[in-house]
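Commentary on secondary and tertiary structure
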Amino acid sequence: MKKVFFILFLGLLIPLTALADLTLNYVGKGKSDIVSSVIYLKGDKLRVDLVQKSGEKYSLIFKYNPHKEFIVINHGQQEYTIIDEQALLSMKEMMKQMKARLAQMPPQMREMAKQMMRMQSPPEVSVKPVVIKKEKLNGIPTVVVGGYKILKDGKEEEITLWLADGTKLGITKQDYKLLENFLKFEDELASVSPHASAWKQRSYNFTQKDYPPNLNLENPLPVKQAVMVDHKEVEAIELKSISKQKLDDTLFTLPEGYTKRKIQPPARRMPPPTGGMMFE
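Rules used throughout
Residues numbered from 1 in each chain as written. Predicted model: local features only at pLDDT ≥ 70, side-chain atom pairs only at ≥ 80, totals over all residues. Heavy atoms only, no water. Helix = DSSP H or I, 4+ residues; strand = E, 2+ residues; numbered from the N terminus. Buried < 20%, exposed > 50% of the residue type's maximum accessible area, 1.4 Å probe, protein only. Contact = heavy atoms within 4.5 Å. Areas by Shrake-Rupley, 256 points an atom, 1.4 Å probe, with all protein chains shown as cover. Phe/Tyr/Trp six-rings, centres within 6.5 Å; stacked < 30°, edge-to-face > 60°. Lys NZ or Arg CZ within 6 Å of the ring centre and 35° of its normal. Pairing = 2+ DSSP bridges. Expected span 1.5 Å × (residues − 1). Arc of directions from axis to C-beta. Core = buried A, V, L, I, M, F, W, Y, C linked by side-chain atoms within 4.5 Å. Polar contact = N/O pair within 3.5 Å; in protein donor to acceptor, adjacent residues only side chain to side chain. Salt bridge = Lys/Arg side-chain N within 4 Å of Asp/Glu carboxyl O. pLDDT = per-residue confidence, 0-100.

Along the protein chain, the regular secondary structure elements total five helices and 12 strands. Each of the 280 residues in the protein chain was classed as buried or not, and the buried ones make up 48%. Long-range pairs, those at least 24 residues apart, make up 61% of the contacts in the protein chain between residues at least 6 apart in sequence. Element-wise, carbon and sulfur atoms account for 51% of the exposed surface of the protein chain, whose accessible area totals about 14500 Å².

A few words on the packing of aromatic side chains. A complete count under the given rule lists zero aromatic pairs for this structure. Sitting over the ring of Tyr64, Lys68 keeps its end group 5.5 Å from the ring centre. Its guanidinium or amino end placed over the ring of Trp162, Lys224 lies 4.5 Å from that ring's centre, counting from NZ or CZ.

With five of its seven residues buried, strand 5 (residues 68–74) lies for the most part within the structure. With seven bridges connecting them, strand 4 (residues 57–64) and strand 5 associate as antiparallel partners. Bridge pairing in strand 5 places Ser59 opposite Ile73. A loop of three residues connects strand 4 with strand 5, the two strands running antiparallel in sequence. As consecutive antiparallel partners, strand 5 and strand 6 (residues 79–84) are separated by four residues, and within that stretch Gln78 has a phi angle of approximately 50 degrees, a positive value.

For an α-helix, the turn length of 3.6 residues means that residues three or four places apart are oriented alike. Here helix 2 (residues 85–103) is 19 residues long and its end C-alpha atoms lie 27 Å apart, about the 27 Å a rise of 1.5 Å per residue gives. Looking at helix 2, one finds that the buried residues are Ala87, Leu88, Met91, Met95, Met98 and Leu102. The arc that holds every buried residue of helix 2, seen down its axis, measures 95 degrees, which confines them to one face. Residues of helix 2 that are exposed and point more than 90 degrees away from the buried face comprise Gln86, Leu89, Lys96 and Ala103.

The next point concerns the nonpolar core. Counting 41 residues, the largest nonpolar core has Tyr26, Leu41, Leu46, Phe62, Phe70, Ile83 and Leu239 as the members making the most contacts within it. Phe70 has contacts with Leu60, Ile61, Phe62, Thr81, Ile82, Ile83, Phe182, Phe185, Glu186 and Leu189, leaving out every residue within four places of it along the chain.

With respect to the helices and strands, the residue Ser59 is situated in strand 4. A relative accessible area of 1% places Ser59 in the buried class. Within the structure, Ser59 has its side chain in polar contact with the side chain of Arg47 (distance 3.1 Å). Only 2.6 Å separates the side chain of Ser59 from the side chain of Asp49, close enough to count as a polar contact.

Residue placement: Val192 occurs in the loop between helix 4 (176–191) and helix 5 (196–199). Taking relative accessible area as the criterion, Val192 reaches 6% and is therefore assigned buried.

Now for the pattern of salt bridges. Pairing between side chains becomes possible if they bear opposite charge and their charged atoms approach one another. In the structure shown here, the tally under the stated rule is nine salt bridges. Between Glu135 and Lys133 there is a salt bridge, and its shortest N-O distance comes to 3.2 Å. What emerges from the salt-bridge pattern is a single network uniting Lys29, Lys224, Glu233, Glu238 and Lys240.

This next bit is on the confidence of the model for the protein chain. Averaged over all residues, the pLDDT of the protein chain is 76; the fraction at 70 or higher stands at 74%. Per-element confidence in the protein chain is highest for strand 12 (residues 259–260), whose mean pLDDT is 94, and lowest for helix 5, whose mean pLDDT is 38. Predicted confidence for residues 1–8 stays below pLDDT 50, and this span has 30 contacts to residues more than four positions away or in other chains. Long-range and interchain partners of residues 14–19, a stretch whose pLDDT sits below 50, account for 28 contacts in this model, where long-range means more than four residues apart.

Spelled out as structure tokens, the structure:
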């Protein structure tokens, strides 16, 4: 599920606080599957618009008033899925049952079932952050931070971050709770998906606790995140512009004419513990 590459990059925004109406415009570079990702924040609502290299377009809407609601919109298929707190609890129970069935299977059959459901082991992450240097990026003063290593498919990747002081960019604390709850809900959703490891292949949610103690930035705002292989940048997500213009409430509503899609169980069909017949 590489389409969520950038959504998971939002993990960097946990320490960020923002104005009631804020637009962050990011673009993908190199091998990134994301062409653009625009994040909108208004009051208790958040929206992310994604455009992939394949041409596919997705939106995510998150609301928190008074309950959490996560909406995934597939513009190509003109359909959407709504996942609220009750649906998340149901998904957790379904995942629990699926894992119990997997545990009863012989090892070879268990691996076969995992492959059928595209379940993979998440990448190993090593966090030993260090400040590399200070430099301007797109006219914004940033602190460049390294020391993040990812072991994936037997290959080592390094992550480099360019962090700016959000306070100096005029960003306040109004939307902190919204971002925090969005990320928490998204992480919970990823953890109960049979494709969670694929979902989290790019889930390098580095937060303030993962930053160097000598960072000296009050509200670190990620201006860029780059994936490095053999010390060369192979892909990146980069902030191109920030807007504080007022956002229309309709931006956070469902598009007309789209079909609502039901949440499917995490495993529609998989072998029973002893093999033989499939079950629904």
